[in-house]
Each structure stands twice: as C-alpha cells, then as structure tokens.
Amino acid sequence: MNILDHLKKGFTYFDGGCGTILQAAGLKAGELPERWNTEHADVIQGMHYDYLLSGVNILKTNTFGANIMKFPGEGELEGIIKAAVGNAKAAIAAVESRTPLAGRSDDFSKASGEHYVALDIGPLGKLLKPLGDLDFEEAYEIFLQTVKAGMACGVDLILIETMNDIYEAKAAILAAKESALPVFLTTAYDESHKLLTGADPRTVVAVAEGLGVDALGVNCSLGPDEMMGIVDELCEYASVPVIVNPNAGLPRTEGGKTVYDVLPEGFAASMIKIADKGARVLGGCCGTTPAHIGAMIGEVRKMEPKPLSEKQHTLISSYTHSVEFGIRPILIGERINPTGKKRLKEALRNDDMDYILQQGLLQQDQHADVLDVNVGLPEIDEPEMMVKAVSQLQAVCDLPLQIDTTDPVAMERALRRYNGKPMINSVNGKEEVMKQVFPLAKKYGGLLVALTIDEEGIPTTAEGRLKIARNIYEKAAEYGIKKKDIIVDPLAMSISAEPESAKITLDALRLIREEEDGLTSLGVSNISFGLPKRDLVNGTFFTMAMMNGLSAAIMNPGSMEMMKAYRSFCALKALDENCMDYIGFTDEYEALAASAAPAAGSEAKKPAAAVSYEGIKDERLIPLVDTVVKGLKEKAGALTAELLSADVAAMDIIDGALIPALDIVGKGFEAKRVFLPQLLMSADSASAAFESIKDKIAASGGKQESKGRLILATVKGDIHDIGKNIVKVLLENYGFDVIDLGKDVPPELIVETAVRENIKLVGLSALMTTTVPAMEETIKLLHEKWPECKTCVGGAVMTPEYAKMINADRYCKDAMETVRFAEEFFAGMPC
Amino acid sequence: MDNTVHTYIADNDALLIPGREVARYLGYSREAIIAGDELIDRTIEKVKGIMAGKAVYCRYPLSFFDEDGIVMPYGRIHSTQLRENLTGCTEIYLFAATIGAAFDRELTRARVRSLADAALLQATGAAAIEAVCDDLNARLEMEALSEGRKLHRRFSPGYGDFELDNQKGLFSVLNPSKYIGLSLMDTLIMSPEKSVSAVIGVEG
C-alpha cells in the first residue's frame, strides 16, 4: 500500500528520537551522527529494528544533517545517504522476515504490517537572506542534492523536519517536490507557539498546503502537553493529515546524565489526547525511545481516527502571519503601482528602493492588510525589479503581498522568491492566460485574482461576468487549484464612460456571492476615473460594494473617505468588536483634520533649549526651522508642502531653512550639547521635508540640484550599516548626491562604480577590526585603478592613525565631520 | 557528564536593561547620562516587547597542553589570553545567546523609517543581549556555587588572540541554529545580529 493510502486508512506511526540513543552508544560532542550510518551500521540498524518491533510504520533515515555543506567530499553525501537508507531497509527486512538481529531473540507480535522509509531532511543550520547569508536558491540547490541522493536509493517519502523558518521550509519543499515522492513537513515551534522566525501554525498550513505537501505537522522543541494549542490550530486549518512528533518533555541533568521528564506511560496518555484532536500521524522526537512509541501505539491503536476533511478557510500569508478572507473585507494597499504616480515612476527608474519601502510601511501604518506590488514600466527590467521589490519589502514589512504583473517571467520569479503564500494578480478567462498562470499558482501556491474578462472582452452584463468566473473555477480545478484559492474581480469601470457600469459590477458581486459562494475583489477607485473629487464617489461605491458582498478591495488606505466608509461599514455590520477600530479611526481622522488646518502652536515635547533663530532671514521659514530642530518628522513634511504650495522656491527652503536648522543641531552635537538621537530626529525631519520637495519636483518634471556626487559603502565582510546610513542621510540633507552601495561591498564593485560614474570621493565604513583589511584593500585598488579619487573613512574601529596606516585621505570621526569634509572637498572642485 | 545542550529562555519581565548602558552605546558623554531619558526608556520597553532572549549552553571537561594550548570539546586550539583567563579551571561552559530575529526585523524597518529610531534600537539591542548574557551568567554561577566552585569572566571568540575562527567549533558542538535559531554566517558573524557566544571557565 502506498503511504498516502495508508494515511487515508487510519493512524500511521513514526518512530521516535535518535540523538539520545546514539549518545548512549557513545556519540561525542560535535561528532556528525550521519557518519554512524557507515561507521556503526549495527547501532543504527538496531535502533530502527527496535522501533519496528514497537509497531512503527515509518522509519526516519539517520540523515538529519546530511547535506553537501557538511559532507562536501566527492560522493561522500551519496555514500552516507545510501548507507542510511540501507540501514533502514535492512531493519525492515529483518522484521518482515521475522529474523532476529545477531545475538537477539525477539517478540515480533507488535510489529506492524506496513513499513515505509522516509528520507529525513533537517534544517541547514544557516539562516536565509535577508536575516542570514544563505541565498534562497542556494538553499534549494543544497536540498535538491540530498533529495536526488535519496531518490536514487528508493525511499517511500521525504520528511522535512524540525524546520524553524518557513522560508527554508519552502526551499526544501520545492526541492523535495522535484522527486514526485510524497512530501511531509514538520516544523519546530517555540514556547510561544511560533517558529523562531515568527510564523504561527495557521501560516505554516497556508504556505505548506499552497506548496502541495501531503501531510504536515509539528516536531521537536516541546513535549506533547506543551503542543496541545499548536495541534488544535493545525487541525482547525489543515486539510491534509496532521503529524505530531513531540519530545519526551524537557531535558534536565541528573547526576551528570540527561533525562527527559516525560516517561512512556505519560507520553502515551498525552498522545491519546493529541489523536483525539484529529492528528493521525503520530511519533516522537528527542528523548523518546521505542518504549515511548510502543506505549503510544498500544493505546492509540484502540481509537478511531477523526475523519479527514477539506477546510474552507481562504488564507494568504507573509512569513509571520496570515490573513483570512471571507470574514471582514480585506484592504489591499494600491500605492505601489506606478499607474498615474509620477513620484513612484521616478523612483522605479532611479532604483530608489527606499521610496518604495517607505510607501509599503506607510500603508501598513494606515492599516492595509495586504500590499499590492506592481512595478511594470516599459523602460525597466520588470522581472528583476519585481524580485527586488518583493524581497526588499519583505525584509522590512510583514504584510502579505499581492504580486501584480502581466509578465509571466516576473510572476514566476516573484512567486518563487516570495516568503509566504501571496495573492497573485491576476488570471482571467482567456485560455492563453489560464494556461500560463494556473501551473504557476499550482506549483507555488497563492490566492489567485481572476478578472472577468475573456477573448470576447468584458461582458456588459452581470450574468456574463458570472459565466466567466464559473469557467475560470472549472479550468482551475483541472489543474488542482481549489475554488477557495480563487478570488473573482468582476471589474469596476468608470461611470463617466459607461453610466451603467457601477450597477453591473455591483450585481456581479452579488451573483458571485449568492450563486457561487465565491470571494470577490475590486480595484475600487477605477469607478470614478475622469471625475473630479474622486474620493467622494469612491467612498460611497466602496460601501455599496461591501453591501453586495465584496471580500477585498484594492484601495488607497491613506484616503480618509475610503477609510471612513470601511470603518463605518465594519462597525455597522458587527465586524468590529466593541467598535474599537472605528474609535481608533476617529482619533486619526481628527488628527488629520487638525493637521490639514494652518499650522498653529507646537506639539513639541522636547524643548530645544535656548535656540536662537536670528540667522533665519525669511520669517515664513522659522516654523519649519523650529520643527526640524525639534525633530518633528510628520510636521516637517507637512510644513514644507505648505511652503511649496505658497510658492516658496525649493532651493530657498533648503538653503534658508533646512540647512540652517541642521547646522544649529549639528553644532550642538559637535559641542556635545545635543546627542545622537536628537541629531538623527532632526535628520529624519529634514528628510521628510526633502520628500515633500521631491514630490513637488517630480510632479513638475524638474530635477534637483546637487552639490556633488559621492559613493558610500560598508566594506566587504562587514554587515553593520547604521553608521553609514547616518552619514548618507546627513549628506543628502546637505544637498549631496549619494550612491549608496550598501553593506558587505566587494572592493571591485566600489572601484567599478567609481570609474563608471566618474566619482571623485568615496566614503568607506567599517565597524569591526576584522574588516579593516578589506578597507585597506579597497583603498589600494582605488589608488591603482582610479588614482584621481579620494577616500574618507570612518566607523567604530577607525582612528586617525589607522586611517593613515591604510592610506585613506581623510578620517572623519562622525557624520557631521563627513559633511564638513564633503563641503570642503566639493567647494574646491569645478562642478 | 554527557553532551546534551541545554536551552535557556530569558524572562523579559525580570530582565534589567539599564538605560545608562544604552546611553553609553549611543555615545552620550558621562555627564549626560542621567536616569529617565524618555526616548531611551521608551525604546527599552519596545525592545522588551519584541525580543526573545534565548541561549544554549553546555559544560565540558577542560585540559591544557603546551604553553598556550587548550583542549576544547571541538578540538585543540592555541590562545595565550584565553589560557590565562582559564587558569585554575577544570571545566568550561560554552554558550551562545541571542535576542532573536524579530529584533533584526524591527531594526531593518527602523532603518527605512527613521534613523533616530534605528540608532536607539541598535544601542538598546546591544544592551539587551548583554543583559541576557548577564542573566544566564548569573544562573550558571548559581549552579557552580552550589558545587562549591566559581566562574571566571566570560571570554568570546574574537577577544585578543582567541580567534574568531573558534566560532565554527562552538557552533558545531552547541548547534544553536536548531535550538534557538541562531546561525553562523560565512563571515563568522552571527545572525540574528544581536547575539553573543563565549567560553566561561569553571574553577575548583
């Protein structure tokens, strides 16, 4: 019987722990247990054999850490895996033929009839980028080698276990799926019932089922009693069978020996409860022995497993949490989409990722549940930019994303890289498009947005749109994509072009809800295209759409009219407990209304003691200077926007207010009257003011003046970049154009960029003594290849002496000194 | 004595992150370090809300060879300064501690949003991991005291001539990535960022 049929039939039993058994047999600290497959095959076979006698069905091969990073020698990994699978098969053969191992006489009465070998794959021991240094594709390749070696030996399934990062689990699952074997996943949760990188059980279910695992569950870290809450959540959301392999409680030292505090009887008693919750694949992890597993099987055998059922929850997720559709309408922030947004277009063209990230974080603050990401512009490489935007957004923002593109290459690459289960925007009723998109959605998982348009165009009736939706559901099912993973967009079109269009869309929403019990989504604001004061119409249309069953809206969460409609709707429909969100919203609403009024008074909490503004000639600029000195970021942006709309020139604001304000704070810093956080809050405020200026300049199609261009980089091997970022922001505030190469930058890249961009000043930062040689190497290479370029260096380990020793042209002790140096340097240069 | 690695989980409520330490990391001058800096206090509360202080540790027998040779559980090494630190010891603790990945994410977010927040977080995170190490150290000290022994000062790879390369050995025996999600990058820097690994000598 195939393992998957076995799962359907009833309970299936995994074996238990391995580490404690090997330690008792003499495994030393730091010794790789996988080597014992060849060096002590008798011990490994004996362990498998004992587990089989206790009644288990699935043996985990002793290959937890078997990967090419640990076994890099030619054929070494393959040899270890071959031996490991061989040991498991030998034990099975002995038990199935009732042949006791040498020197033993055993009772075979408890051994089960069906046995399977699971290729066991554990985590790689390295964190994936952006948290660590292992690239996702590299991780995939490493797993793939282990998978291939296992396949060559003929295993029955692949078990990916003890994963504590959902992203690494995704790489492993994708590699394992290449084998076409059944794939099981178990992850290790900590005492707060989350993975170490933050995902909760519901999120793991969303991601793993999206990727097509055949069974999923929990192992290691906790004892069975500490796992109860996790098992509840897994059983509530998972449609595939749930696996539970706990530790025998927690380890403690007793007389120099490690003992686990849950004994076989107690373990069995807890596993009965776990089976009763609906788990049907049961076994053990650290500290469990054949006695634990035998006791468990003895008890659970007497029970009837809970029936498997298809769960109807529609989930998407980031790497920490999931969002469920069909309860309250979900808000999808539309701001990362260049259509009609000049500032974003400019950012995409200039590779200004910070702007994109800020748009993401801003929408998160404005209570978006999901962010739409669309970076399609004719003049940029969309697949590359899409992957970059998705990766970088996921490094700073934990909202799930909606990958929005018509380019199948961009879609596939982004889906592959995405950490979680995304929304996919979009598929439609055209055969060609369905053929392209469905295989991707099936392979990587995701909630698919389905537009009701096909070869004939957009139907002018609600029934016509329903028909396309039905066709998409049907075709998707042929690919194995479930209806719950499709959300239909019946398309909102401008009422200024087609007067009936809102009515048709609203009817279509209702039909899809009533006839198909389907989920729906809309790009709400399209309805008002071509009309003045669009927000007013949008807000009302949004309410009408929600009344007709809308499950998600692509919208601007910064629009007060939209949020007014949304918060009121949720409160009125009892979707907002105690109206708490509504009440919270009213505070924001009032604050916004107040800040829209002319600036008056000051909400400053920190008095900037005895600051004199006598140097400021233009009186209109004094409030802005004061705001930057006090470090009030939001207000600085708003005041600058006001000044600009009152026709004060951008350069006058920079030279007359921002730079003098920074100078006041900078001098205080140099005199040690002001400390770093205050200096930085002022810098943040000045940046906010610059953002307003950039918005204005982008809108008028102009370009900002620069006082000089330079490169900044943290040198190779060093990942600390806060100091460098401080220098960057201050330099930018003072009007310099900074090419920021980031952290851990190889010397070659710095030199190459300097030559290509004709840069005359390079700033290098290093925080650790170990990376000073990299700095020296960079300077040497610069001198060699680009002698007209000067260098200034800084960072925690730098001293003027060190700087001299490595031939830097200048040592700058902090950000202010770097600004002064840059001013001095570029003053002497022809522009 | 066996090699089972133990996990320690810090109690955030009981953990003391001193504001003056944060101020020191921020480069405040000595005179400026006064209690009750509102910004710093707020950041400490924020960090306590997101940090997950955890460590793995294990005790091993210790012996020496040559003039500066030390037999570590992962192999034989040379270091005059560590040898000096371990004089009189018969065992060592190895430990690796972290305040978790959520802190790194918050710091990355702050880098985009606000430099002031990033610098404050950075300094507070540094003080937080020190606080976790101090707390763990105190626990191990109790353990040692109950056996009538005492601990030496903790000593990390990268201090003096105790080479950073020892990180590899420490990680191979403690396996912190499995238990507390702490991993070693190719550069021998740890990830999550705010993490510490060290040796503590047990005397007597």
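Residues numbered from 1 in each chain as written. Chains lettered and ligands numbered in written order. Predicted model: local features only at pLDDT ≥ 70, side-chain atom pairs only at ≥ 80, totals over all residues. Heavy atoms only, no water.

A. Representation of the overall build of chain B within the structure. Helix and strand counts for chain B stand at seven helices and ten strands. At 18 Å, chain B has a C-alpha radius of gyration in line with the 17 Å of a compact globule built from 204 residues. Overall, the C-alpha framework of chain B stretches about 50 × 35 × 30 Å when taken along its three principal axes. Here chain B holds 204 residues, and the buried ones make up 61% of them. (Helix = DSSP H or I, 4+ residues; strand = E, 2+ residues; numbered from the N terminus. Rg over C-alpha atoms; globule rule 2.2 N^0.38 Å. Buried < 20%, exposed > 50% of the residue type's maximum accessible area, 1.4 Å probe, protein only.)

B. Examining the confidence of the model for chain A more closely. Looking at chain A as a whole, its pLDDT mean stands at 92, while 97% of the residues score no less than 70. Counting interchain partners and residues more than four positions distant, the pLDDT-below-50 stretch residues 597-609 of chain A has 13 contacts. (pLDDT = per-residue confidence, 0-100. Contact = heavy atoms within 4.5 Å.)

C. Here's a closer look at the pattern of salt bridges. Scanning the model with the defined rule gives 63 salt bridges over all chains in all. The salt bridge partner of B:Lys54 is A:Glu191, with a shortest N-O separation of 3.7 Å. Of this pair, B:Lys54 sits in strand E2 (residues 54-61) while A:Glu191 is found in the loop between strand E5 (183-187) and helix H8 (201-210), placing the two residues in two different chains. We classify A:Glu191 as partly exposed; its relative accessible area is 42%. A salt bridge links A:Asp354 to A:Lys728, with the shortest nitrogen-to-oxygen separation between them at 3.6 Å. In this pair, A:Asp354 sits in helix H13 (residues 353-365) while A:Lys728 sits in helix H26 (residues 722-733), placing the two residues 374 residues apart along the sequence. A relative accessible area of 13% places A:Lys728 in the buried class. Residues joined in a network through salt bridges with shared partners are A:Arg343, A:Glu346, A:Asp352, A:Glu691 and A:Asp695. (Salt bridge = Lys/Arg side-chain N within 4 Å of Asp/Glu carboxyl O.)

D. The arrangement of the sheet that holds strand E7 (residues 242-245) of chain A in detail. All names here are of chain A. Taken together, eight strands build an open sheet; the order of strands is E1-E10-E7-E6-E5-E4-E3-E2 and the sheet is parallel. Each edge of the open sheet carries a strand with a single partner, namely strand E1 (12-13) and strand E2 (58-60). Here E7 pairs with strand E10 (residues 281-282) via two bridges, running parallel. Of the residues in E10, the one forming a bridge with Val244 is Leu282. Each of strand E4 (157-163) and E5 is contacted by helix H7 (residues 166-177), which is oriented at about 175 degrees to E4, the strand it contacts most. Set on the sheet, helix H9 (residues 228-237) makes contact with strand E6 (215-219) and E7; between it and E6 the angle comes to about 170 degrees. (Pairing = 2+ DSSP bridges. Axes fitted to C-alpha atoms, helices over the stretch in contact; angles between N-to-C directions.)

E. Representation of the interface of chain B and chain A within the structure. On the side of chain A, 58 residues touch chain B, which itself brings 47 residues to the contact. The contact between chain B and chain A buries some 4,500 Å² in all, and 60% of this surface belongs to carbon and sulfur atoms. Scanning the region where chain B abuts chain A turns up four salt bridges. Taking the shortest distance from any N to any O, the salt bridge between A:Asp190 and B:Lys54 comes out at 2.9 Å. Linking chain B with chain A are 17 residue pairs in polar contact (both at pLDDT 80 or more), by the criterion used here. Here the side of chain B that touches chain A takes nine residues from helix H4 (residues 101-113) of chain B, the largest share from any one element. In terms of residue class, the side of chain B that touches chain A is built from 24 nonpolar, 13 polar and ten charged. (Buried area = accessible area lost by both parts, 1.4 Å probe. Polar contact = N/O pair within 3.5 Å; in protein donor to acceptor, adjacent residues only side chain to side chain. Nonpolar A, V, L, I, M, F, W, Y, C, P; charged D, E, K, R; others polar.)

F. View of helix H6 (residues 166-174) of chain B. Among the nine residues that make up H6(B), seven are buried, leaving the element largely enclosed by the rest of the structure. Along H6(B), the positions that sit buried rather than exposed are B:Asn166, B:Gln167, B:Gly169, B:Leu170, B:Phe171, B:Val173 and B:Leu174.

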